[in-house]
Amino acid sequence: MNHCFVDNFCVASVSSHCDQRCGQRNHIPSDIPIYDGHIHLNQMTSKIQSDLLSIKVTPPIRQFYFINNNHKPDEWQIPNPSLNSSHVHIRSTIGIHPKYFTPKSLYQTLDNLRTYLEISHHNQSPENKIVAVGECGLDETSTTSIKHQIFVFEKQIDLAMQFDLPIVLHCRGSHLYKKLFDCLKSRISDKNQRLHWHCINSNANLYIVDLFLNQFPNSYIGLNGSITYETNFENTLMFKNWLIDRSRYLPDRLIFETDYPYLSPRNLHGTYDPSCALLATSEYLSKTIDDTNQNALSYLQFSNRNIETMYAL
Ligand SMILES: [Zn+2]
Ligand SMILES: [Zn+2]
Ligand SMILES: [Zn+2]
């Protein structure tokens with residue numbers, strides 16, 4: 001299947017056995033599962049059906065795990081898309097994204113969130129359990145005031161702690177990173193709180209990201225297709241150096257994610273199939289760091305392990 005490809009990678013091996021005569025250097029052994037640490041599967045369901053080509057190949061050769069972020073209160077009722085089969089595992093988060101709430105109905109929305117968390121808390125079956133609160137945080141492109149955004153964010157931190165759940169963080173606007181970090185520090189009583197700061201790229205305030213990683217030992221950063229964009233030369237260079245300087249610690253702190261249907265990696269050619277997109281991000285990282293002891297596959301496996309720990313899968 002050649003619906004998409006990544007440099008040096010046999011993408012066909014994501015979904016089917018390859019006799020290795022394809023000429024590509026790297027294949028993905030079928031005992032390595034694919035974990036997407038952050039995805040939005042509820043949007044555009046019909047498009048999803050056509051994009052998730054890899055997981056639909058039969059007979060299936062590997063396991064797929066998706067951390068599906070339900071970040072829009074008006075979509076909380078929509079059930080997970082019916083991709084569920086024995087080799088596809090969708091685990092859901094629930095939260096209020098800073099762009100998708102109205103201050104007018106805020107208390108009702110927060111009340112509903114608590115109810116969903118309460119129900120999930122008493123639910124025994126793992127596939128119906130909510131695995132995290134979020135994505136939530138701050139966003140400079142939101143029409144709602146920062147004051148309101150902080151209020152909603154802090155309420156969600158409190159709920160996560162109350163239900164003993166990890167938090168998925170979203171921050172857009174590098175000047176907001178400090179504000180978000182201050183909220184975390186002032187609100188979180190247990191330093192061991194699990195946190196996934198998703199979508200860290202060359203636009204991030206890396207100084208704050210370092211403080212965040214130091215402050216919370218069970219925190220992770222999410223890397224997705226946006227790390228491949230290289231839109232601003234100076235920022236890109238800074239970000240690449242940051243990755244290289246922290247390459248010793250990254251295996252313990254990175255999570256690969258797609259944020260599908262957003263942020264398709266630049267080095268993924270053809271269809272934006274999220275399962276292949278993870279490889280494209282991993283391949284870019286491995287080329288950037290250029291460590292002889294690591295490669296795209298080893299980073300993928302570190303990320304898999306970190307997603308398992310973060311979301312208690
Ligand atoms: Zn091949
Ligand atoms: Zn986000
Ligand atoms: Zn997202």
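Small disclaimer: the values here were computed from a predicted structure and weren't measured.

Rules of the game
Residues numbered from 1 in each chain as written. Chains lettered and ligands numbered in written order. Predicted model: local features only at pLDDT ≥ 70, side-chain atom pairs only at ≥ 80, totals over all residues. Helix = DSSP H or I, 4+ residues; strand = E, 2+ residues; numbered from the N terminus. Rg over C-alpha atoms; globule rule 2.2 N^0.38 Å. Buried ≥ 20, exposed ≤ 12 C-beta atoms within 10 Å, placed from the backbone. Contact = placed C-beta atoms within 7 Å. UniProt positions renumbered as here; feature names shortened; annotations may be inferred. Pairing = 2+ DSSP bridges. Axes fitted to C-alpha atoms, helices over the stretch in contact; angles between N-to-C directions. Parallel < 35°, antiparallel > 145°, perpendicular 65-115°, else oblique. Left-handed = near helix turned anticlockwise from the far one by under 90°. Nonpolar A, V, L, I, M, F, W, Y, C, P; charged D, E, K, R; others polar.

Counting its regular elements, the protein contains 11 helices and 10 strands. Taking 313 residues into account, the globule formula puts the C-alpha radius of gyration at 20 Å, and the protein, at 19 Å, falls close to it. Each principal axis of the C-alpha distribution contributes one length, and for the protein these read about 60 × 45 × 30 Å. Counting the 313 residues in the protein, one finds 42% classified as buried. Sequence separation of at least 24 residues holds for 77% of the intrachain contacts in the protein that already meet a minimum separation of 6.

So, on to the environment of Asn 68. Its place among the elements puts Asn 68 in strand E3 (residues 64-70). Sequence separation between Asn 68 and His 38 is 30 residues; the distance between their C-alpha atoms is 6.2 Å.

Taking the numbering used here, the UniProt-annotated feature "binding site: a divalent metal cation 2" (unreviewed entry) corresponds to His 170 and His 198. In three dimensions, the annotated residues from a span of 29 residues occupy one location, with a maximal C-alpha spread of 5.9 Å. Checked against the element boundaries, His 170 lands in strand E6 (residues 167-172). Note that His 198 resides in the loop between strand E7 (195-197) and helix H7 (206-215). Those residues in contact with His 198 that lie beyond four places of it in its chain are His 38, Glu 135, Val 168, Leu 169, His 170, Gly 222 and Glu 257.

All right, on to the sheet that holds E6 then. Across the sheet, eight strands lie side by side as E2-E3-E4-E5-E6-E7-E8-E9; this open sheet has parallel pairing. For this open sheet the edge positions go to strand E2 (34-39) and strand E9 (254-256), each flanked by a neighbour on one side alone. Mean inter-strand twist for the sheet, computed between neighbouring axes without regard to direction, equals 25 degrees. For strand E5 (residues 130-139) and E6, the ladder comprises five bridges, and the chain directions are parallel. Note that in E6 the partner of Asp 139 across the bridge is Arg 172.

Per the UniProt record, "binding site: a divalent metal cation 1" (unreviewed entry) is found at His 38, His 40, Glu 135 and Asp 259. Separation in sequence by 222 residues is not matched in space for these annotated residues, since their most distant C-alpha atoms are only 10.9 Å apart. Position of His 38 relative to the elements: it lies in strand E2. Sequence-distant contacts of His 38, defined by excluding residues within four places in its chain, comprise Ile 67, Asn 69, Val 168, His 198, Gly 222, Glu 257 and Asp 259. For His 40, the position within the fold is in the loop between E2 and helix H2 (45-51). Taking the C-beta count within 10 Å as the criterion, His 40 has 22 such neighbours and is therefore assigned buried. If sequence neighbours within four positions are ignored, His 40 has contacts with Asn 69, Tyr 260 and Pro 261.

A word on the pairing of E3. It is a general feature of regular strands that their side chains alternate between the two faces of the sheet. With six of seven residues buried, E3 is to be regarded as a mostly interior element. Here four bridges tie E2 to E3, and the two strands are oriented parallel to one another. When the bridges of E3 are listed, Ile 34 appears paired with Phe 64. Relative to strand E4 (residues 88-94), E3 runs parallel, the two being bridged by seven bridges. Among the inter-strand pairings, Asn 69 is bridged to a residue of E4, identified as Thr 93.

We now examine the packing of helix H6 (residues 177-187) against H7. Relative orientation of the contacting elements H6 and H7 amounts to 15 degrees, with a least axis distance of 10 Å. One way to sum up the angle between H6 and H7 is to call them roughly parallel. H7 is crossed by H6, and the crossing has left-handed handedness. For the pair H6 and H7, the contacting residues are Tyr 177, Lys 178, Phe 181 and Lys 185 in the first and Ile 208, Leu 211, Phe 212 and Gln 215 in the second. Considering only residue class, the contact of H6 with H7 consists of five nonpolar, one polar and two charged.

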